[in-house]
Amino acid sequence: MRPKAALRSLCNQVLTMNILNELRTRFQAALAGFCDDPASFAWMVKPAQDTRFGDYQANCAMSLARQKGVKPPELAKQIVDRLEVSDLCEAPTIAGPGFINLRLRNDWLRGQMQQLIGDERLGVLPAAQPRRIVVDYSSPNVAKPMHVGHLRSSVIGDAVCRILRFAGHAVTSDNHIGDWGTQFGMLIYGYKHFLDREAYDRGAVGELARLYRLVNQLSDYHDSIKRLPELHDALAAARTTHDETATLPAVSDKALDETRKKSLRKLAVRVAEFEQLVAAADQTIAAVESDETLRSLAGAHRQIAVASREETAKLHAGDAANLALWQQFMPACLAAMQTIYDRLNIKFDLVLGESFYQPFLAEVVANLEQQQIATTSNGAVCVFIPGFEAPFIVKKTDGAYTYATTDLATIRYRVETLSADTMLYVVDARQGDHFKLLFETARKWGYDGVDFRHISFGTVLGDDNRPFKTRSGDTVGLESLLDESIVRARAIVDANDDRKAGGAELDAGERAKIAETVGIGAIKYADLCQNRESDYVFSWDKMLAKTGDTATYMQYAFARVCGIFRKGGIDRAALRQARGEIELATPSERALALQLARFSEVVDQAAAECRPNVLTHYLFETANSFSTFFEHCPVLKAETDASRTSRLLLADLTARVVKQGLELLGIRTIEQM
RNA sequence: GCACCCGUAGCUCAAUUGGAUAGAGCAACGGACUUCGAAUCCGUAGGUUGCAGGUUCGACUCCUGCCGGGUGCGCCA
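Everything quoted here is computed from the prediction, not taken from an experiment.

> Could you clarify how one ought to interpret the overall build of chain A in this entry?
When you go through chain A residue by residue, the secondary structure sums to 27 helices and 13 strands. Overall, chain A is about 85 × 70 × 65 Å in size when its C-alpha atoms are taken along their principal axes. Counting every position in chain A, which comprises 673 residues, the buried fraction comes to 50%. Taking the contacts inside chain A whose residues are at least 6 apart along the sequence as the reference set, 75% of them involve residues at least 24 apart. With an accessible surface of roughly 31700 Å², chain A has 51% of that area assigned to carbon and sulfur atoms. For chain A, the separation between the mean place of its 80 positive charges and that of its 86 negative charges on side chains is 3 Å.

> How should the sheet that holds strand 10 (residues 422–428) be read in this particular structure?
Hydrogen bonds between backbone groups are what pair the strands of a sheet, and the pairing can be parallel or antiparallel. Spatially, the four strands line up as an open sheet ordered 6-5-10-11, and their pairing is parallel. A single partner strand is all that each edge strand has here, and the edge strands are strand 6 (170–174) and strand 11 (451–457). The sheet shows a mean angle of 20 degrees between the axes of neighbouring strands, direction not considered. Note: strand 5 (residues 132–136) against strand 10, four bridges, orientation parallel. Across the sheet, residue aspartate 136 finds its bridge partner in strand 10, namely tyrosine 425. Contacts between helix 17 (residues 403–416) and the sheet are confined to strand 5, strand 6, strand 10 and strand 11, with strand 10 contributing the most and set at about 145 degrees to the helix.

> Help me understand the nonpolar core, please; the structure alone is not making it clear to me.
Counting 169 residues, the largest nonpolar core has Phe27, Phe329 and Phe599 as the members making the most contacts within it. If one sorts the elements of this core by residue count, helix 10 (residues 204–246) sits on top with twelve residues. For phenylalanine 599, the residues in contact, after removing those within four places along its chain, are Leu122, Val124, Phe166, Leu615, Tyr618, Val657, Gln660, Gly661 and Leu664. Membership of the second largest hydrophobic core comes to 33 residues, among which are Ala409, Phe435, Leu437 and Tyr447.

> Looking at this model, I keep getting lost on the environment of leucine 334. Mind explaining?
Counting through the fold element by element, leucine 334 comes out in helix 14 (residues 320–344). On a C-alpha basis, the gap between leucine 334 and aspartate 179 in space is 9.5 Å, while along the polypeptide they are 155 residues apart. Excluding anything up to four places from it in sequence, leucine 334 contacts Val142 and Ile177.

> Can you help me understand the sheet that holds strand 3 (residues 93–95) in this one?
Strand order in this open sheet of four strands is 1-2-4-3, and the pairing throughout is antiparallel. Looking at which strands have only one partner, the edges of the open sheet turn out to be strand 1 (45–47) and strand 3. Strand-to-strand twist in this sheet, taken as the mean axis angle between neighbours without regard to direction, amounts to 30 degrees. Of the pairings in the sheet, the one linking strand 1 to strand 2 (residues 56–58) comprises three bridges and is antiparallel in character. By the bridge assignment, valine 45 is partnered in strand 2 with alanine 58.

> Before we go on, may I ask you to explain helix 8 (residues 182–194) in this structure?
In an α-helix, one full turn covers 3.6 residues, which means residues spaced three or four apart are oriented alike. For helix 8, with 13 residues, the first-to-last C-alpha span of 18 Å sits near the 18 Å given by 1.5 Å per residue. Helix 8 sits mainly inside the fold: ten of its 13 residues count as buried. Burial in helix 8 covers these residues: Gln183, Phe184, Gly185, Met186, Leu187, Ile188, Tyr189, Gly190, Tyr191 and Phe194. The inward-facing, buried residues of helix 8 abut helix 9 (197–202), helix 10, helix 12 (292–300), helix 13 (304–317) and helix 14.

> So what exactly am I meant to see when it comes to the pairing of strand 10 here?
With respect to burial, strand 10 is a largely interior element, seven of its seven residues being buried. Inspection of the sheet shows strand 10 paired to strand 11 by seven bridges, in the parallel sense. Considered in strand 11, the bridge of leucine 424 is made with arginine 453. Note on the crossover from strand 10 through helix 18 (residues 432–444) to strand 11: the handedness is right-handed.

> Help me understand the packing of aromatic side chains, please; the structure alone is not making it clear to me.
The geometry of two aromatic rings is summed up by the distance between their centres and the angle between their planes. This model, assessed by the stated rule, comprises 21 aromatic pairs. Relative to tyrosine 200, the ring of tyrosine 191 lies with its centre 5.5 Å away and its plane at 75 degrees, an arrangement referred to as edge-to-face. For the ring pair phenylalanine 538 and tryptophan 540, a centre distance of 6.0 Å and an interplane angle of 75 degrees mean the geometry is edge-to-face. Accessibility expressed as a relative area gives 4% for phenylalanine 538, which makes it buried. What makes tryptophan 540 partly exposed here is its relative accessible area of 32%.

Definitions and limits used
Residues numbered from 1 in each chain as written. Chains lettered and ligands numbered in written order. Predicted model: local features only at pLDDT ≥ 70, side-chain atom pairs only at ≥ 80, totals over all residues. Heavy atoms only, no water. Helix = DSSP H or I, 4+ residues; strand = E, 2+ residues; numbered from the N terminus. Buried < 20%, exposed > 50% of the residue type's maximum accessible area, 1.4 Å probe, protein only. Contact = heavy atoms within 4.5 Å. Areas by Shrake-Rupley, 256 points an atom, 1.4 Å probe, with all protein chains shown as cover. Lys, Arg positive; Asp, Glu negative; His and termini not counted. Charge placed at Lys NZ, Arg CZ, Asp CG, Glu CD. Pairing = 2+ DSSP bridges. Axes fitted to C-alpha atoms, helices over the stretch in contact; angles between N-to-C directions. Core = buried A, V, L, I, M, F, W, Y, C linked by side-chain atoms within 4.5 Å. Expected span 1.5 Å × (residues − 1). Right-handed = clockwise from strand over helix to strand, strands pointing away. Phe/Tyr/Trp six-rings, centres within 6.5 Å; stacked < 30°, edge-to-face > 60°.

Spelled out as structure tokens, the structure:
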């Protein structure tokens, strides 16, 4: 019943232009005499769930009545008696067990529309108390090809940044890249032993990618050879246990029988898992041995894994040659990464990776030990957090630091150098425990005034509903996904333009631009429209869809409005200047107006909860309201000039809201498609 | 073994954080282009919200127990 503090903290506190907030303020005043914390009951004002009941509804009477031991409808009546909303609502009605239903007055709604017409921010007011927020997202390991698994964090994180920034906060987007890890040892080893100099000179990125894959493949090969016998043993053992259980004599005890069946199923799953591991190892081995070149390379580099780790260790120890190579590789790696971000239209204010924090790690650990936050256990320096069995290891037995250490150094930098008061981590839900430990440790360390939040999102699953794993053979590269989506979009663009009544309107360049916008938008929208907490089943069809609840639908609505203005030869700026009136003559006009008036409320909610899907849902409804309106109400051919002007204004507002909303999601619009 | 998450229409997902008759999109079926853009619109069909209890005016939502699936759990990030 109490509104979540966290939920409210990022909300705009200013109340005008946000209808929901305005109504809550009115209720808060009316409720003051009935309870001690009117704010939490005023929070129970919501948009109506069913439009037949009105536009908004207050559910506070029921729960407050229970608390006071009175009848809800009677209390509702008393609340309504004290409620002052006559300037914006029709007389409130009480229904059912005590719902207070509210319907906005048409003249008030028309006034809201007039305000929106003149407001560049479409009613969204900047936060009264802006925060300094660092958003940590995307964070790929450089030098490894990006795949679809990287998409979710990148796309959601970017949208969250845009939304919070628009809501008036000081946002710094930070790509905390993995640029100091073991992949560089592999690259260095590959460079020293397998380099194709000509290929490298032609394009460093491609050659580095090849070297990475090659070293990876050879180490996997030796690892598989080494592990195969134990895998076979484990498989045999699992089979034996399974078969023994299966052949146990039948029992009459039903409960026991059930337990046995259950464990049998689990054993079968284990057998299948080991079979899969063996098969994968066999495949890895076969891939190398069937290739003459690979086989001889494998033979000549038996210690490749160890040697690569040693190269990493040397790099970390400051070895001049390896450091020089690292510095040589980095620009190419970053450039490769950047081409993908450019295509996705994702920008970072900062790209501070692991290497940046590396010089501070020793000091961080020393500091933690000094303050007795960290202690040595089994040779490792650990922080123990109550409620967690596993320690938070900041220094390993071998003296190396972990990503926990880096994350702590990062927090210190963000607070002390960037003056951040809020930190958001847009990261896979599986790292939940890590962040709980990290945040607790940071608070103990003195950063207890910072609002840390793990903006977690569900795991990306494959077609088989199992976590999407990057099996070396068939990773879905990000580039090819983008390419495919654009190709499909292009086919639709061509087909549609070719069959336009008045003949094709677009040249090849325009078509390409549209296909790019639609193709990329579709992929982003597929990720954004889902509640970020739930797991995500990766599907080509979903990613590439261009009909129904997709970005394309909104882009199309936008283009249709632009089409009206183009066809009518109407200057949109002049239209707004002319101060025409908005009429709400028909239900579909009123529904569209109400929808447009709610933009600020939705942006505030999306910002408060860092949930882009709140916004996608709203935009879909808005485009839908527009389509219905467009179907029922002639715009250019409206019966009267006043009606024509009113409808043009509604269309113009719709286009602005859709464009702005999509922009907050990082999705572009085009005027003609 | 311990901990966390999930189970909603054939499929993919929502559900304003406890509200009224659980909603969309795909897919299926039936309609609407000589009429402002058919990438669209209108309609039909599809449900015991995994199961069983409990809490209360009211439960997809909270509690308990099952069933099924996933994830994490000391030196990877």
